[in-house]
Amino acid sequence: MGQVKLTNVYIERCDKETENLLAEEGQAFLDKSITYLKENKNEFVYIEETHFNEIGVDALSLEVDDVFGTYDVMLGLKLPKKQEVGIKTYLDRELQGDEVKFDLMFDQNDGLWNVNFTLNLLADFQEDMNFQQAFSTIYDFLLKLVSEVNNK
């Protein structure tokens, strides 16, 4: 796994109920363990990063699911609607587990896919990873998805 170093980041911590900004965070926040979200279940982390833009993702959010306690990733993915089968095939194959692995819905207005998936189901997931490692793992996963779908 080629961990990309996230350097050009914009990070917000937000309240899950209201989506209100709690704080903007700097680069140092990426060194915190993702377990921060388990300790602060009312929050989600929103990130924008140049590398993500290059693969058609303006931003993504990471939070802990209130019911299952899993780490959920939410993002918009700029791929054509006709790529649905390829996206679903990739997600089904790459996310490990029998439970519901992802939620995928095309937004006609924005022309992008709303993608939600469980970070815990990625092969490289580790509970003790920091945000840098988590976002790098997500980036690698999405880069492979976009590459595979675009090369079919």
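Residues numbered from 1 in each chain as written. Predicted model: local features only at pLDDT ≥ 70, side-chain atom pairs only at ≥ 80, totals over all residues. Heavy atoms only, no water.

1. Overview of the packing of helix 3 (residues 84-94) against helix 4 (residues 131-150)
So, point 1. At their nearest, the axes of helix 3 and helix 4 sit 9 Å apart, and the two run at 135 degrees to each other. In terms of their interaxial angle, helix 3 and helix 4 are classed as oblique. Helix 3 and helix 4 meet at a crossing whose hand is right-handed. The segment helix 3 lies against helix 4, with Gly86, Ile87, Tyr90, Leu91, Arg93 and Glu94 engaging Phe141, Lys144, Leu145, Glu148 and Val149.
So, point 2. Grouping the constituent residues of the contact of helix 3 with helix 4 by class yields six nonpolar, one polar and four charged. (Axes fitted to C-alpha atoms, helices over the stretch in contact; angles between N-to-C directions. Helix = DSSP H or I, 4+ residues; strand = E, 2+ residues; numbered from the N terminus. Parallel < 35°, antiparallel > 145°, perpendicular 65-115°, else oblique. Left-handed = near helix turned anticlockwise from the far one by under 90°. Contact = heavy atoms within 4.5 Å. Nonpolar A, V, L, I, M, F, W, Y, C, P; charged D, E, K, R; others polar.)

2. Notes on helix 3
So, point 1. Listing the buried residues of helix 3 in full gives Gly86, Ile87, Tyr90 and Leu91. Angular distribution of buried residues about the axis of helix 3 spans 125 degrees; they occupy a single face of the element.
So, point 2. Check the buried side of helix 3 and you find it contacts strand 6 (102-107), strand 7 (112-118) and helix 4. (Buried < 20%, exposed > 50% of the residue type's maximum accessible area, 1.4 Å probe, protein only. Arc of directions from axis to C-beta.)

3. Notes on the packing of aromatic side chains
So, point 1. In this structure the tally under the stated criterion is eight aromatic pairs.
So, point 2. Considering the side-chain rings of phenylalanine 29 and tyrosine 36, the 5.6 Å spacing of their centres and the 85 degrees angle between planes classify their relative orientation as edge-to-face.
So, point 3. Given a relative accessible area of 13%, tyrosine 36 falls into the buried group.
So, point 4. Note on phenylalanine 106 and tryptophan 113: the rings are 5.0 Å apart at their centroids and 65 degrees apart in plane angle, and the pair reads as edge-to-face. (Phe/Tyr/Trp six-rings, centres within 6.5 Å; stacked < 30°, edge-to-face > 60°.)

4. Considering the pattern of salt bridges
So, point 1. Across all of its chains, the model carries eight salt bridges by this definition.
So, point 2. Residue lysine 16 is joined to aspartate 66 by a salt bridge in which the shortest nitrogen-to-oxygen separation is 2.9 Å. Here lysine 16 is found in the loop between strand 1 (9-15) and strand 2 (21-25), whereas its partner aspartate 66 is found in the loop between strand 4 (60-64) and strand 5 (71-77), with 50 residues between them in sequence.
So, point 3. The partner of glutamate 94 in a salt bridge is arginine 93, and the shortest N-O contact between them spans 2.9 Å.
So, point 4. Residue arginine 93 is classed as partly exposed on the basis of its relative accessible area, which comes to 43%.
So, point 5. By sharing partners, the salt bridges in this structure join Arg13, Glu25 and Glu43 into a single network. (Salt bridge = Lys/Arg side-chain N within 4 Å of Asp/Glu carboxyl O.)

5. Considerations on helix 4
So, point 1. Taking 1.5 Å as the rise per residue, helix 4 with 20 residues should run 28 Å; its terminal C-alpha atoms sit 28 Å apart, in good agreement.
So, point 2. With 14 of 20 residues buried, helix 4 is to be regarded as a mostly interior element.
So, point 3. Two or three places before glutamine 132, at the start of helix 4, stands the capping residue asparagine 130, its side-chain oxygen 3.1 Å from that residue's backbone nitrogen. (Expected span 1.5 Å × (residues − 1). Polar contact = N/O pair within 3.5 Å; in protein donor to acceptor, adjacent residues only side chain to side chain.)

Note that every value here comes from positions in space, so none of it alone points to a role or purpose.
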